[in-house]
Amino acid sequence: MNRRTAFSKFPEIRTKRLYLRKPTMKDAEWYFEHFSSPEVVWGGGEPAPRDIGAAREELRKYMVDLYRERLGFRWIITLKRDGRPIGSLGYYKWAPSAGYQAEMGYDLTKEHWGKGIMTEAMNAVIDFGFEKMDLNRVEVFIMPRNKRSIKMIKNLGFKREGLIRQHYFDEFGNFADDVLFSMLRSDWKEKRRF
Ligand SMILES: CC(C)(COP(=O)(O)OP(=O)(O)OC[C@H]1O[C@@H](n2cnc3c(N)ncnc32)[C@H](O)[C@@H]1OP(=O)(O)O)[C@@H](O)C(=O)NCCC(=O)NCCS
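Residues numbered from 1 in each chain as written. Predicted model: local features only at pLDDT ≥ 70, side-chain atom pairs only at ≥ 80, totals over all residues. Heavy atoms only, no water.

Mind showing me how you'd approach the overall build of the protein here?
Helices and strands together make up the secondary structure of the protein, namely seven helices and eight strands. Computed over C-alpha atoms, the radius of gyration of the protein comes to 16 Å, within 12% of the 16 Å expected from 2.2 N^0.38 for 194 residues, which places it in the range of a compact globule. Its C-alpha atoms put the protein at 45 × 40 × 35 Å along the principal axes. By residue count, 48% of the 194 residues in the protein fall in the buried class. Taking the contacts inside the protein whose residues are at least 6 apart along the sequence as the reference set, 62% of them involve residues at least 24 apart. In the form shown here, the protein has an accessible surface area of approximately 10,600 Å², with 51% of it arising from carbon and sulfur atoms. Between the averaged position of the 37 positive side-chain charges in the protein and that of its 27 negative side-chain charges there is a distance of 5 Å. (Helix = DSSP H or I, 4+ residues; strand = E, 2+ residues; numbered from the N terminus. Rg over C-alpha atoms; globule rule 2.2 N^0.38 Å. Buried < 20%, exposed > 50% of the residue type's maximum accessible area, 1.4 Å probe, protein only. Contact = heavy atoms within 4.5 Å. Areas by Shrake-Rupley, 256 points an atom, 1.4 Å probe, with all protein chains shown as cover. Lys, Arg positive; Asp, Glu negative; His and termini not counted. Charge placed at Lys NZ, Arg CZ, Asp CG, Glu CD.)

Written out as structure tokens, the structure reads:
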């Protein structure tokens, strides 16, 4: 697949309640506030950006350049009814040498938890991964303490592969374990009953 021609335009997605759109540098203030919230820091294990300048750099690296270099996609989650950003999700580590697999990440503002919003966004983005990116394997790494995320990922049909010891860091920069979950194309087909 030629990624530049296949995705010459950022693939925005609409679901029942959501509009998943392209991130731009204009999202810097939102990014700073969102990724400074204690719940998002705790869930993702990434420390909050130091200041708005650091937030801008992270936004460029993890969202804007990710697509520019076609190493993944990060969508900004907005509610159709008011267009405000409430979170983000997407694929990264979509290496050209291993284009059949990628990792997923996601985060939602706390006031919107428990309404099935991330489940709705994830279902659409998972379909996109298997249908349009030709993925065969999708991975998610979750810290064992993040029970809410683990419950959601299992409900989506991901399977637990095991504990990956000291795979990444917590928000304080200490090595921390992750649980690895995956969904294979065959799991996805089974779920969709093709
Ligand atoms: C992980 C995270 C995205 C989960 O968000 P969430 O809103 O709780 O998850 P969902 O949107 O799928 O909601 C699922 C819950 O909504 C309920 N729900 C309500 N309406 C629903 C609907 N229409 N469809 C599906 N679920 C619905 C489900 O029953 C479920 O509740 P339960 O867990 O009590 O059974 C969120 O907690 C978060 O952003 N945390 C901080 C960052 C983070 O941890 N990121 C992940 C790092 S691995």
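Mind showing me how you'd approach the sheet that holds strand 1 (residues 13-14) here?
What links the strands of a sheet is backbone hydrogen bonding, and the strands pair in either a parallel or an antiparallel sense. In spatial order, the strands read 1-2-3-4-5-6-8-7; together these eight strands make up an open sheet with mixed pairing. Edge strands, defined here as strands with exactly one partner in the open sheet, are strand 1 and strand 7 (159-169). Here strand 3 (residues 73-79) runs beside strand 4 (residues 85-92); their pairing, made up of six bridges, is antiparallel. Looking at strand 4, one finds that W75 is bridged to L89. Its contacts with the sheet place helix 4 (residues 52-68) against strand 3 and strand 4, and it is angled at close to 120° to strand 3. (Pairing = 2+ DSSP bridges. Axes fitted to C-alpha atoms, helices over the stretch in contact; angles between N-to-C directions.)

Is there a simple way to explain the site of the ligand in this structure?
The ligand sits among 20 residues. The nearest are L108, G114, T119, N146 and R148. Within the contact set of the ligand, an oxygen atom lies 3.4 Å away from a backbone nitrogen or oxygen of G116. Side-chain polar atom of R148 to an oxygen atom of the ligand: 2.4 Å apart, as the coordinates give it. Burial of the ligand by the protein chains amounts to 71% of its free accessible area of 950 Å². Every element with two or more residues in the shell around the ligand is listed here: helix 3 (38-44), strand 5 (101-108), helix 5 (117-131), strand 6 (137-142) and helix 6 (147-155). Tallying contributions element by element places helix 6 first for the shell around the ligand, with four residues. Here the residues of the shell around the ligand sort into eight nonpolar, seven polar and five charged. (Near = heavy atom within 4 Å. Polar contact = N/O pair within 3.5 Å; in protein donor to acceptor, adjacent residues only side chain to side chain. Nonpolar A, V, L, I, M, F, W, Y, C, P; charged D, E, K, R; others polar.)

Please explain helix 4 as it appears in this structure.
A turn of α-helix holds 3.6 residues, and therefore any two residues three or four places apart point the same way. If you look at helix 4, its biggest bend is around 40°, right at R60. Along helix 4, the residues classified as buried are A54, A55, L59, M63, V64, D65, L66 and Y67. In this structure D51 caps helix 4, since a side-chain oxygen of it lies 3.1 Å from the backbone nitrogen of G53. Where helix 4 ends, the next residue or the one after it, R70, has phi of about 55°, a positive value. (Bend = angle between axes of the 7 residues up to and from the residue.)

Explain the environment of Y91 to me, please; I cannot follow it from the model alone.
Within the secondary structure layout, Y91 lies in strand 4. Its relative accessible area of 0% is what places Y91 among the buried residues. Considered as a pair, Y91 and L79 are twelve residues apart in the sequence and their alpha carbons are 20 Å apart. A distance of 2.7 Å separates the side chain of Y91 from the backbone oxygen of V125, its partner in a polar contact.

Sorry if this is basic, but what is going on with a positive patch on the surface here?
Together, K9, R14, K22 and K80 line one region of the surface with positive charge. You can see K9 is positioned in the loop between helix 1 (3-6) and strand 1. The exposure class assigned to K9 is exposed, which follows from its relative accessible area of 65%. (Patch = residues over 30% accessible without salt bridge, like charges linked within 9 Å, V, L, I, M, F, W, Y side chains within 5 Å. Salt bridge = Lys/Arg side-chain N within 4 Å of Asp/Glu carboxyl O.)

Please clarify how the side chain of E103 should be interpreted in this entry.
Looking at where E103 falls in the secondary structure, it is placed in strand 5. When residues no more than four places from it in sequence are discounted, the contact partners of E103 are G90, Y91, Y92, K93, E139 and F141.

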